[in-house]
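# Architecture and fold: a report
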Amino acid sequence: MGLLFLALLLPLAHVSALPFYNGFYYSNSPHDQNPGNGYGEGLFNRVKLVVETPEETLFSYQGANVTLPCRYHYKPALVSPRPMRIKWWKLSENGALDEDVLVAIGLRHRSFGDYRGRVYLWQDEDNKVSLEIQDLRLEDSGRYRCEVIDGLEDESSLVELELRGVVFPYQPRQGRYQLNFYEAQQACEGQAAVVASFEQLFRAWEEGLDWCNAGWLQDASVRYPITLARQPCGGLELAPGVRSYGPRHRRLYRYDVFCFAAALKGQVYYLQHPEKLTLEEAKDACQEDGAQIAKVGQLFAAWKFRGLDHCDAGWLADGSVRYPVVHPRPKCGPPEPGVRSFGFPDPQSRKYGVYCYRPR
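Below or above, wherever it landed, is the structure these notes cover. (Residues numbered from 1 in each chain as written. Predicted model: local features only at pLDDT ≥ 70, side-chain atom pairs only at ≥ 80, totals over all residues. Heavy atoms only, no water.)

### Re the overall build of the chain
Definition in use: For the purposes of this entry, the term helix denotes a DSSP run of H or I that reaches at least four residues, the term strand denotes a run of E that reaches at least two, and both are numbered from the N terminus. Classification of residues uses two cut-offs on accessible area relative to the type maximum, computed with a 1.4 Å probe and protein chains only: under 20% is buried, over 50% is exposed, and between them is partly exposed. Here, residues are in contact when the closest pair of their heavy atoms is within 4.5 Å. Areas reported here follow the Shrake-Rupley algorithm with a probe of radius 1.4 Å; residue values treat only the protein chains shown as occluding.
Helix and strand counts for the chain come out as 5 helices and 26 strands. Taking all 360 residues of the chain together, the buried fraction comes to 47%. Contacts in the chain between residues at least 24 apart in sequence constitute 59% of all its contacts with a sequence separation of at least 6. Per element, the accessible surface of the chain, about 19,300 Å² overall, is 53% carbon and sulfur.

In structure tokens form, the structure reads like this:
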């Protein structure tokens, strides 16, 4: 018995330096690690499986269709193809579970959740396995992983999708620092927006966003962007930047929120009306014009991407009164471009017009 056991061990001495995984031996090549966006490769029996996606971020807008490119190949090329399984999923940004998007085996495809009926896999003889997403939604922005599985190994690579949009600070009628994280999510969604990510807020700060009130972000951290250091806003000693309070308990703490609204397919306009309106009259007037009263996110998007510039203040759906200025001028507010706010006046006040939104 002892001799038999020794005989079984002897062949293993020749491969003891190789890692053992899932019943197959794999190389210790440093190229086994997936470097992230653009490229991933694995080595099996001296054949490399390579998965390629674009290194640059893809940009699109709400309501559009977009294709996330992905293709794979082997080095050296295989004589006969192996049965493939393709999986796409969206990586979590805030500690939640990753979200399955689509799985395909041969010609059989299955999509999941809110992607069902909106995603399709494009395959061809050049080993393209690209994902098309139709009718883009705000929550579709993020990082997607394309994974190729051939039964023996799998490799993957990332594609980053970003919707063009604008970040804006938001606080409700109740005033400053009234929202926990979940209420902040609802507040942004109610204004045709989503809670902004850190990357989106940082890009807005680079473009000049300066705001002294702290707000929730997508990862449940709390931050605020400062371009000009000043005493009432963290002091003169701190350098300009995106200041951070760090992660906060999602229910116990209350702040404002930074929302992100994507570029629109519809039209926001100031309704020409013979008289000023109450809030309810404003809603009715937009409906009579074949539209609906605009939301805050829609007004910001129209200002940012459509150049909406109007010096008359108007009601919005949340009961606030605002107006967009692209070209500052006398008697039209501060000397910087932006969306001006009159706060939340008495809904019965007849001092304002209305901004309407007409979908396309």
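### Comments concerning the pairing of strand β14 (residues 154-163)
The condition that has to hold: A pair of strands is considered paired only if DSSP assigns at least 2 bridges between the two.
Counting buried positions over the 10 residues of β14 gives 8, a clear majority of the element. In this structure, strand β5 (residues 58-60) lies alongside β14, joined through 3 bridges in parallel fashion. The partner of Ser 60 across the bridge, within β14, is Leu 163. Pairing of strand β13 (residues 142-149) with β14 involves 8 bridges; the strand directions are antiparallel. By the bridge assignment, Cys 146 is partnered in β14 with Ser 157.

### A short note on the side chain of Asn 180
The test is simple: Contacts described as polar in this section are N or O atom pairs within 3.5 Å, which, within protein, must combine one atom able to donate a hydrogen with one able to accept it, while residues neighboring in sequence count only if both atoms come from side chains.
Considering the arrangement of structural elements, one finds Asn 180 in the loop between β15 (165-170) and α2 (181-189). Of the polar contacts made by the side chain of Asn 180, one reaches the backbone nitrogen of Glu 183; its length is 2.8 Å. Not counting the four nearest positions on each side in its chain, Asn 180 is found in contact with Trp 216, Arg 250, Arg 251, Tyr 253 and Arg 254.

### Some thoughts on the packing of aromatic side chains
The relative placement of two aromatic rings is captured by the distance of their centres and the angle of their planes. Quick note on the threshold: Two rings from Phe, Tyr or Trp (for Trp, the six-membered ring) form a pair when their centres sit within 6.5 Å of each other. Planes less than 30 degrees apart are called stacked, planes more than 60 degrees apart edge-to-face, and all others tilted.
Applying the stated criterion across every chain, the model contains 16 aromatic pairs. Measuring from centroid to centroid gives 5.7 Å for Phe 181 and Tyr 182, while their planes differ by 75°, and the two rings are edge-to-face. For Phe 181, a relative accessible area of 1% corresponds to the buried category. Note on Tyr 182: relative accessible area 31%, which makes it partly exposed. Note on Phe 198 and Phe 202: the rings are 5.9 Å apart at their centroids and 40° apart in plane angle, and the pair reads as tilted.

### As for the sheet that holds β13
Across a sheet, paired strands are connected by hydrogen bonds in the backbone, their directions being either parallel or antiparallel. Applicable threshold: Whenever a helix is involved, its axis is fitted only over the stretch in contact; in every case the axis is a line through C-alpha atoms, and angles between N-to-C directions fall within 0 to 180 degrees.
Across the sheet, which stays open at both edges, the 6 strands sit in the order β5-β14-β13-β8-β9-β10 with mixed pairing between neighbours. Strands with a single pairing partner mark the edges of an open sheet, and in this sheet they are β5 and β10 (108-111). On average, adjacent strands in this sheet sit at an angle of 20° to one another, irrespective of strand direction. In this structure, strand β9 (residues 99-105) lies alongside β10, joined through 4 bridges in antiparallel fashion.

### Observations regarding the pattern of salt bridges
Selection criterion: In the sections that follow, a salt bridge refers to a side-chain nitrogen of Lys or Arg positioned within 4 Å of a carboxyl oxygen of Asp or Glu.
One pass over the full model with this rule turns up 11 salt bridges. Among the salt bridges present, the one from Arg 203 reaches Glu 162, with a minimum N-O distance of 2.7 Å. Note that Arg 203 is positioned in helix α3 (residues 198-206) and Glu 162 in strand β14, a separation of 41 residues in sequence. Residue class for Arg 203 comes out partly exposed when judged on its relative accessible area of 33%. Relative accessible area serves as the criterion here: at 11%, Glu 162 is assigned to the buried category. With its nearest N and O atoms 2.6 Å apart, the salt bridge here joins Glu 183 to Arg 254. Residue Glu 183 is located in helix α2, and its partner Arg 254 is located in the loop between β19 (241-247) and β20 (256-262); the two are separated by 71 residues in the primary sequence. For Glu 183, a relative accessible area of 29% corresponds to the partly exposed category.

### What about the state of the cysteines?
So the rule is basically this: Criterion for a disulfide: a pair of cysteine sulfur atoms at a distance within 2.5 Å.
With the rule as written, the count across this model stands at 5 disulfides. Residue pairing for Cys 188: its cysteine sulfur links by disulfide to Cys 259, the two sulfurs lying 2.0 Å apart. When the S-S torsion is -80°, as for the bridge of Cys 188 with Cys 259, the disulfide is left-handed. Pair noted here: Cys 188 is in helix α2 and Cys 259 is in strand β20, with a separation of 71 residues, a long-range link. Given a relative accessible area of 0%, Cys 188 falls into the buried group. Bridging Cys 212 to Cys 233, the disulfide has an S-S length of 1.8 Å.

### Quick look at unusual backbone geometry
Cis peptide bonds are those with omega within 30 degrees of zero, and the linkage from Lys 75 to Pro 76 qualifies with -10°. Topologically, Pro 76 is positioned in the loop between β7 (71-75) and β8 (85-90). Of note, Asn 127 is a non-glycine position whose phi angle comes to about 65°, a positive value. The residue Asn 127 is located in the loop between β11 (119-123) and β12 (129-133) in this model. Positive phi outside glycine occurs at Ala 192, with the angle close to 60°. As for its position among the elements, Ala 192 is in the loop between α2 and β16 (194-195). Ala 192 gets classed as partly exposed once you look at its relative accessible area, which sits at 24%.

### Some points on the sheet that holds strand β6 (residues 66-68)
With antiparallel pairing, 3 strands are arranged side by side in an open sheet as β6-β12-β11. The two strands at the open ends of the sheet, each matched to only one other strand, are β6 and β11. Sheet twist, expressed as the mean angle between neighbouring strand axes with direction ignored, is 30°. Strand direction decides the pairing type here: β6 and β12, joined by 3 bridges, are antiparallel. If you follow Val 66 over to β12, its bridge partner there is Ile 133.

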